[in-house]
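A structural walkthrough
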Amino acid sequence: QAQFVESGGGLVQPGGSLRLSCTVPDLFLNFYPMEWYRQAPGKQRELITTITRTGTTTYAQTVRGRFTISRDNAKNTLYLQMNNLKPEDTAVYYCHSPASPSDWGQGTQVTVSS
């Protein structure tokens, strides 16, 4: 069972930035794609970005141009840099791998509010 541990969330004003981190077993960062999801209150969990083993990235239209996914294999860490945050970005954020579909961490809460 994979263990993903997210951190870095918090309260930020609109237009602000946060960087989320997720510790990931090295097997996943080295060999499998990794993803960030988010779930807002009363809504379904939403896939927002993916990075493949070779570094190719994709983004949902709602975050494209504002969020950046990256990884540091040496630190076993996946990142999500979030800029120009909006109130609609308020959600619990999760990292995940499609190689271990049933495994989810506890998530980290991001609240964007003035």
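Notes on the structure follow.

1. Quick look at the pattern of salt bridges
Using the criterion set out here, one finds 3 salt bridges in the structure. Among the salt bridges present, the one from Arg38 reaches Glu46, with a minimum N-O distance of 2.9 Å. Overall, the relative accessible area of 28% leaves Glu46 in the partly exposed class. With a closest N to O distance of 2.7 Å, Arg66 and Asp89 form a salt bridge. Pair noted here: Arg66 is in the loop between strand S6 (57-59) and strand S7 (67-72) and Asp89 is in the loop between strand S8 (77-82) and strand S9 (91-96), with a separation of 23 residues, a long-range link. For Asp89, a relative accessible area of 0% corresponds to the buried category. Overlapping salt bridges, with partners in common, bring together Arg38, Glu46, Arg66 and Asp89 in one network.

2. Section: the sheet that holds strand S2 (residues 10-12)
Strand order across the open sheet formed by 6 strands is S2-S10-S9-S4-S5-S6, with mixed pairing between neighbours. Of all strands in the sheet, those bounded by a partner on one side alone are S2 and S6. Averaged over all pairs of adjacent strands, the angle between their axes in this sheet comes to 25 degrees, without regard to strand direction. Of the strand pairs in this sheet, strand S5 (residues 46-51) and S6 are connected by 3 bridges, and their pairing is antiparallel. What sits directly across from Thr49, in S6, is Tyr59.

3. Focus: the pairing of S8
With 5 of 6 residues buried, S8 is to be regarded as a mostly interior element. Note that S7 and S8 share 6 bridges and pair antiparallel. Counted as the bridge partner of Thr68 is Gln81 from S8. The hairpin formed by S7 and S8 contains 4 residues between the paired strands, and Asn76 there has a positive phi angle of roughly 55 degrees.

Reading the values: rules and limits
- Here, residues in each chain are numbered from 1, in the same order as that chain's written sequence.
- With pLDDT at 70 or above as the cut-off, local features in this predicted model cover only qualifying residues; side-chain atom pairs require 80 or more to be listed or tallied, and sums for whole chains, interfaces and linings still use all residues.
- Side-chain metrics rest on all non-hydrogen atoms present in the structure, leaving aside hydrogens and water.
- Just to be clear on terms, a salt bridge is a Lys or Arg side-chain nitrogen sitting within 4 Å of an Asp or Glu carboxyl oxygen.
- Relative accessibility thresholds used throughout: buried, under 20% of the residue-type maximum; exposed, over 50%; partly exposed, between the two (1.4 Å probe, protein chains only).
- The helix count covers DSSP runs of H or I at least four residues long, the strand count covers runs of E at least two residues long, and both are numbered beginning at the N terminus.
- Should DSSP find at least two bridges between two strands, the strands are regarded as paired.
- In this analysis, axes come from line fits to C-alpha atoms, helices being fitted only over the stretch in contact, and the angle between any two N-to-C directions falls in the range 0 to 180 degrees.

From the geometry alone we can't say anything about function, so treat these as descriptive.
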